[in-house]
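Topology and contacts: notes
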Amino acid sequence: MNFLNFDLKKLVLTLALLLLPLISINMQQNPLSTGWYDKPFSMLGSFIQVAFFEFSDGVRGTTSLYLNLIDIKKNNQLLESKNRELQTRLDQMNELQAENDRLRGLMSFQASSRMELIPARVMSKDLLADHNTLQISKGSQHGIKVGQAVIATGGVVGHIFRTENFTSQVLLLTDRYSVVDGIVARSRSRGIVEGRGGSGLSLKYVEKSEDVVAGDIVITSGLDNIFPKGFPVARVKEVENKSYAVSLRVELEPSIDPDKVEEVFVILNANNQDLSPQISMQE
Amino acid sequence: MQTSKFHFLNFFVIALVTFLLAAFLTTFWFQLFGDFPAPLVWLNVILYLMLYRRPTEAVLEIYLIGFLLSAAYSAQPIGIIWLVFFVLFSIVYSVKTRFFWPGPRYFFFASMATTTLYHIVFVLTSQVLESNPSGALLGQRIVEVIFTGLVSIPTFLVMEKWDRISADELANEAATQTNTGAVE
């Protein structure tokens, strides 16, 4: 009965295996949505990542302790021979001062802000190079929910898109799936800040008549109900006005390098804080 | 029944180790080496399954591993990952039927080629299906291809060893069953 003489069973099986991803893509309206079936695995993954994070912290601590011991030995030899104790102490004090300044900056930012913030440490990054996400050390147990904004003292980092009990995943501003409503602080021109993967950003849908120049600061508009109004997002790197294009092509440089950030704040409640006046004064 | 039990055990251990390795790469590697690209060890495991399992079994197993990795460690939707794996499997399988010899050397070359193919297929799929597709990220992808190739031989040896251990267990079990049957 099989006129074309092929294995019907194999063909049906192959079609079923090919249809599975296609149906999955078709059914997924929001690429960041997670189903109940993801939960146990993401929870298990989060526990394992916490364990690895603690372990790597320990390894780093031991390594730096060992290196410090070598430094101390070296310094002692130098002190005996060249009397450079004061200089060494001064260097160490400068180092401590820098660390102190950084921590004080974080504390004063939290204290001076009306926003309800929760600090967290960056634990891990996305498995695939095609996505810019981070795992942070605070989760739903600490009051974190999907959709909350994540910031650092210098600017916007991203937003929470997945939470576990003790960890959360942050979609960085630079990820391809990330879009944030933005305003150019100087001219109040509006646009959508879209991630381009890697470390790039672009401001889209800016009308050609708008006044945008390189060096302008782009801030959050607050309209997306995720980020507080007036928080720095990026600086305009390049503006191109092509005659045939319907809008300006605006390239941005993020205010902070998301790859280098170590501590972040999750905004639990923005308390309607508007930071625009501070940005205007800085400009 | 016993055979399927051991096949399940074999795959369960492989999936668990791949899951742990992915956690290691996203956390431990990141803490020590920052944003420097990590080897795609999980892709080597997937390649091994593509080469050393029956076609249907291989596709189902790599779909399951893809689901585990996507659910726990990435923002990438599972549909695209499955589609990329299916295309990758089709290419690897058609090459394997024409040109294959078992051993670490073949696996090394296959790993380099598969990692390169994975990136190409991923970018193309993303260009076709996503509104804001993945970029070239050339430097990062090249480093990943080299690193993945470098860790392919140890991965192959470990996987082959585990397959041999499982097969021995399976043979012992079968022998015991036959003997018991003979006595009875």
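To be clear, the structure that these remarks concern was listed above.
Residues numbered from 1 in each chain as written. Chains lettered and ligands numbered in written order. Predicted model: local features only at pLDDT ≥ 70, side-chain atom pairs only at ≥ 80, totals over all residues. Heavy atoms only, no water.

Focus on the side chain of A:Glu251
All names here are of chain A. Under the convention used in this document: Segments assigned H or I by DSSP are reported as helices when at least four residues long, segments assigned E as strands when at least two residues long, and all are numbered from the N terminus. Throughout this description, buried means an accessible area under 20% of the type-specific maximum (1.4 Å probe, protein chains only), exposed means over 50%, and partly exposed covers the range between. Polar contact is defined as a pair of N or O atoms within 3.5 Å, subject to the rule that within protein one atom must be able to donate a hydrogen and the other to accept it, and that residues adjacent in sequence are counted only when both atoms are side-chain atoms. By definition in these notes, contact holds between two residues if any of their heavy atoms fall within 4.5 Å.
Tracing the backbone shows Glu251 in strand β11 (residues 247-254). When its relative accessible area of 10% is taken as the criterion, Glu251 is described as buried. Engagement of the side chain of Glu251 in a polar contact is seen with the side chain of Arg196, the distance being 2.6 Å. A polar atom in the side chain of Glu251 sits 2.6 Å from the side chain of Arg249. For Glu251, the residues in contact, after removing those within four places along its chain, are Arg196, Leu201, Ser202, Arg235, Val236, Lys237 and Glu238.

A short note on the nonpolar core
Rule in force here: What is meant by a nonpolar core is a set of buried Ala, Val, Leu, Ile, Met, Phe, Trp, Tyr and Cys residues, joined one to another through side-chain atoms within 4.5 Å.
If you look at the biggest cluster of nonpolar residues, it comprises 54 residues, and the most contacted ones within it are B:Trp42, B:Ile62, B:Ile65, B:Tyr73 and B:Tyr118. Counting only elements with at least two residues in this core, the list comes to α2 (39-82) of chain A together with α1 (2-33), α2 (41-52), α3 (55-73), α4 (78-98), α5 (104-129) and α7 (152-183) of chain B. Those residues in contact with B:Tyr73, other than ones at most four positions away along the chain, are A:Gly45, A:Ile48, A:Gln49, A:Asp126, A:Leu127, A:Arg162, A:Gln169, B:Phe19, B:Ala22, B:Ala23 and B:Thr26. Ranked by size, the runner-up nonpolar core spans 26 residues in total, among them A:Ile151, A:Val156, A:Leu201 and A:Val233.

Concerning the environment of B:Asp163
Turning to its location among the elements, B:Asp163 is positioned in helix α7. With 37 residues separating them in the primary sequence, B:Asp163 and B:Ser126 have C-alpha atoms 35 Å apart.

Details of the interface of chain A and chain B
For interface size, the figure often reported is the accessible area lost on association. For clarity, the threshold we go by: The term buried area refers to how much accessible surface (probe radius 1.4 Å) is lost by two components on association, counted for both of them together. Whenever a carboxyl oxygen of Asp or Glu lies within 4 Å of a side-chain nitrogen of Lys or Arg, that contact is scored as a salt bridge. Gly falls in the polar group here, along with every residue not listed as nonpolar (Ala, Val, Leu, Ile, Met, Phe, Trp, Tyr, Cys, Pro) or charged (Asp, Glu, Lys, Arg).
With 48 residues of chain A at the contact, the number on the chain B side is 49 residues. Here chain A meets chain B over a buried area of about 4300 Å², counting both sides, of which 66% is carbon and sulfur. The largest per-residue losses of area from chain A upon contact with chain B belong to A:Lys125, A:Leu127 and A:Arg176, which jointly make up 18% of the total buried on that side. The interface formed by chain A and chain B includes three salt bridges. With its nearest N and O atoms 3.9 Å apart, the salt bridge here joins B:Asp35 to A:Lys125. Going through the elements one at a time, α1 (8-27), α2, β1 (116-125), β2 (133-136), β4 (155-163), β5 (168-172) and β7 (190-195) of chain A are the ones with two or more residues in the side of chain A that touches chain B. Here the element with the most residues in the side of chain A that touches chain B is α2(A); it accounts for 12 residues. Along the lines of polarity and charge, the residues of the side of chain A that touches chain B split into 26 nonpolar, 13 polar and nine charged.

Some points on the pattern of salt bridges
All names here are of chain A. All chains considered together, the criterion is met by 20 salt bridges over all chains. The salt bridge partner of Glu240 is Lys242, with a shortest N-O separation of 3.7 Å. Residue Lys242 is classed as partly exposed on the basis of its relative accessible area, which comes to 30%. Here Arg249 ties to Glu251 by a salt bridge, and the two come within 2.6 Å at their closest N and O atoms.

Description of the sheet that holds strand β6 (residues 179-184) of chain A
Residue and element names in this part refer to chain A. Selection rule: A strand pair is defined by DSSP finding two or more bridges across the two strands. Helix axes use the C-alpha atoms of the stretch in contact, all axes being lines fitted to C-alpha atoms, and the angles between their N-to-C directions lie in the range 0 to 180 degrees.
One closed barrel holds the six strands; their spatial order is β6-β7-β8-β11-β10-β9, and the pairing between them is antiparallel. The mean angle between the axes of side-by-side strands here comes to 40°, regardless of whether they run parallel or antiparallel. Where β6 and β7 come together, five bridges link them in antiparallel fashion. Pairing of Asp181 across the sheet is with Ile192, part of β7.

Considerations on α1(A)
Quick note on the threshold: Every helix has an expected span of 1.5 Å times one less than the residues it contains. Here the bend at a residue is taken as the angle between two axes, fitted respectively to the seven residues that end there and the seven that start there.
Compared with the 28 Å implied by 1.5 Å per residue over 20 residues, the 27 Å span of α1(A) between its first and last C-alpha is a close match. At A:Leu19, α1(A) shows its largest kink, close to 25°, and the proline A:Pro21 lies no more than four residues downstream. Where the residues of α1(A) are buried, they touch α3 and α4 of chain B.

Remarks on the packing of α3(B) against α4(B)
Residue and element names in this part refer to chain B. Quick reminder of the rule: Should the near helix be turned counterclockwise from the far one by less than a right angle, the crossing is left-handed, whereas a clockwise turn marks it as right-handed.
Interhelical geometry of α3 versus α4 gives an angle of 145° and a closest axis separation of 10 Å. As α3 runs across α4, the sense of the crossing is right-handed. Packed against α3, whose contacting residues are Pro55, Ala58, Val59, Ile62, Tyr63, Gly66, Phe67 and Ser70, the element α4 presents Ile78, Ile81, Trp82, Phe85, Phe86, Phe89 and Tyr93 at the interface. Broken down by class, the residue content of the contact of α3 with α4 amounts to 13 nonpolar, two polar and no charged.

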